[in-house]
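Coordinate analysis (summary)
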Amino acid sequence: MAGSDRTWRDGIVVGLIAYASVALFYGAFDFLAARGPLYTVDLLGKAVFMGLRDPAVLQYPIKPDLTAIFWYNGLHLLVSLAIGLTVVGLIAHAERR
């Protein structure tokens, strides 16, 4: 049973590392593009949760929506954790076989 606990712990750690890596990438990308600090995350949140589909909005300044940023970060964290747990689980399964 200790192996299962370790698999869960390692999967969560891998997921958190993936989450942080992508968040740092978005932050660096926005910084280098001279945009606001959460510009990309805001647009992704608006596209996923608010139904933003018109690329013409990129021509104008966009006011950040904290709700979209919050929900996108939550989705990003859940997906990163799911991927981390899946990858570590598959590796643990392969090592047992």
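See the structure shown above.
Residues numbered from 1 in each chain as written. Predicted model: local features only at pLDDT ≥ 70, side-chain atom pairs only at ≥ 80, totals over all residues. Heavy atoms only, no water.

**Quick look at the overall build of the chain**
Worth spelling out the cut-off: Numbering of helices and strands runs from the N terminus; a helix is a DSSP stretch of H or I covering at least four residues, while a strand is a stretch of E covering at least two. Values of the radius of gyration come from C-alpha atoms, whereas the globule rule sets the reference at 2.2 Å times the count of residues to the power 0.38. Accessible area is worked out with a 1.4 Å probe on protein chains only. A residue is then buried under 20% of its type maximum, exposed over 50%, and partly exposed in between. Here, two residues are considered to be in contact whenever any of their heavy atoms come within 4.5 Å of each other. With residues, only the protein chains shown are counted as cover, and all accessible areas are computed by Shrake-Rupley using a 1.4 Å probe. When charges are counted, Lys and Arg are positive and Asp and Glu negative, with His and the chain ends excluded. Positions of charges follow a simple convention, taking NZ of Lys, CZ of Arg, CG of Asp or CD of Glu.
Helix and strand content of the chain: three helices and zero strands. Counting helices and strands in the order they occur from the N terminus, the chain gives α-α-α. Scaling as 2.2 N^0.38, a compact globule of 97 residues should have a C-alpha radius of gyration of about 13 Å, whereas the chain reaches 17 Å, well beyond that. If one aligns the C-alpha atoms of the chain with their principal axes, the spans along those axes are about 55 × 25 × 20 Å. Per-residue burial for the chain yields a buried fraction of 21% across its 97 residues. In the chain, the share of contacts with a sequence separation of at least 24, taken over all contacts with a separation of at least 6, comes to 54%. In the form shown here, the chain has an accessible surface area of approximately 7,100 Å², with 72% of it arising from carbon and sulfur atoms. Within the chain, the 7 negative side-chain charges are centred at a point lying 4 Å from the centre of the 8 positive side-chain charges.

**Re the pattern of salt bridges**
It is possible for side chains of opposite charge to pair when their charged atoms get near one another. To be explicit about the condition: Any carboxyl oxygen of Asp or Glu that lies within 4 Å of a side-chain nitrogen of Lys or Arg is treated as forming a salt bridge with it.
Per the stated rule, a full pass over the model turns up three salt bridges. As a salt-bridge pair, Arg6 and Asp10 come within 3.4 Å of each other at their nearest N and O atoms. One end of the pair, Arg6, and the other, Asp10, are both in helix α1 (residues 2–32), four residues apart, so they sit about a helical turn from each other. Given a relative accessible area of 26%, Asp10 falls into the partly exposed group. Across the pair Asp30 and Arg35 runs a salt bridge, and its minimum N-O distance is 3.8 Å. On the accessibility criterion, Asp30 (0% relative accessible area) is buried. Residue class for Arg35 comes out partly exposed when judged on its relative accessible area of 37%.

**Side note on the packing of aromatic side chains**
Applied cut-off: Here a Phe, Tyr or Trp ring, Trp counted by its six-membered ring, pairs with any other such ring whose centre lies within 6.5 Å, and the pair is stacked when the planes are under 30 degrees apart, edge-to-face when over 60, and tilted otherwise.
Across all of its chains, the model carries four aromatic pairs by this definition. An angle of 50 degrees between the planes, with centres 6.4 Å apart, marks the rings of Phe49 and Trp71 as tilted. Taken together, the residues Phe49 in helix α2 (residues 39–49) and Trp71 in helix α3 (residues 66–96) connect sequence positions 22 residues apart. Ring geometry for Phe70 versus Trp71: centroids 5.6 Å apart, planes at 75 degrees, classification edge-to-face. Through successive ring pairs, a cluster of aromatic residues spans Phe25, Tyr26 and Phe29.

**Overview of unusual backbone geometry**
Non-glycine residue Ala34 carries a positive phi angle of around 60 degrees. You can see Ala34 is positioned in the loop between α1 and α2.

**Quick word on the packing of α2 against α3**
Cut-off, in case you're wondering: Angles shown run from 0 to 180 degrees and are taken between the N-to-C directions of axes, each axis being a line fitted to C-alpha atoms and, for helices, limited to the stretch in contact. Note that the term roughly parallel is reserved for angles under 35 degrees, roughly antiparallel for angles over 145, roughly perpendicular for angles of 65 to 115, and oblique for everything else. Only Asp, Glu, Lys and Arg are considered charged in this grouping, and only Ala, Val, Leu, Ile, Met, Phe, Trp, Tyr, Cys and Pro are considered nonpolar; every other residue, Gly among them, is considered polar.
Closest axis-to-axis distance for the α2/α3 pair is 8 Å, and the angle between their directions is 85 degrees. Classified by the angle their axes make, α2 and α3 are roughly perpendicular. Each of Val41, Asp42, Leu44, Gly45, Lys46, Val48 and Phe49 in α2 lies in contact with α3, whose residues at this interface are Ala68, Ile69, Trp71, Tyr72, Asn73 and Leu75. When grouped by side-chain class, the residues that make up the contact of α2 with α3 number nine nonpolar, two polar and two charged.

**Quick look at the side chain of Thr40**
Within the secondary structure layout, Thr40 lies in helix α2. Beyond its immediate chain neighbours, meaning those up to four positions away, Thr40 contacts Tyr26, Phe29, Asp30 and Arg35.

By themselves, these figures tell us nothing about what the structure is for.
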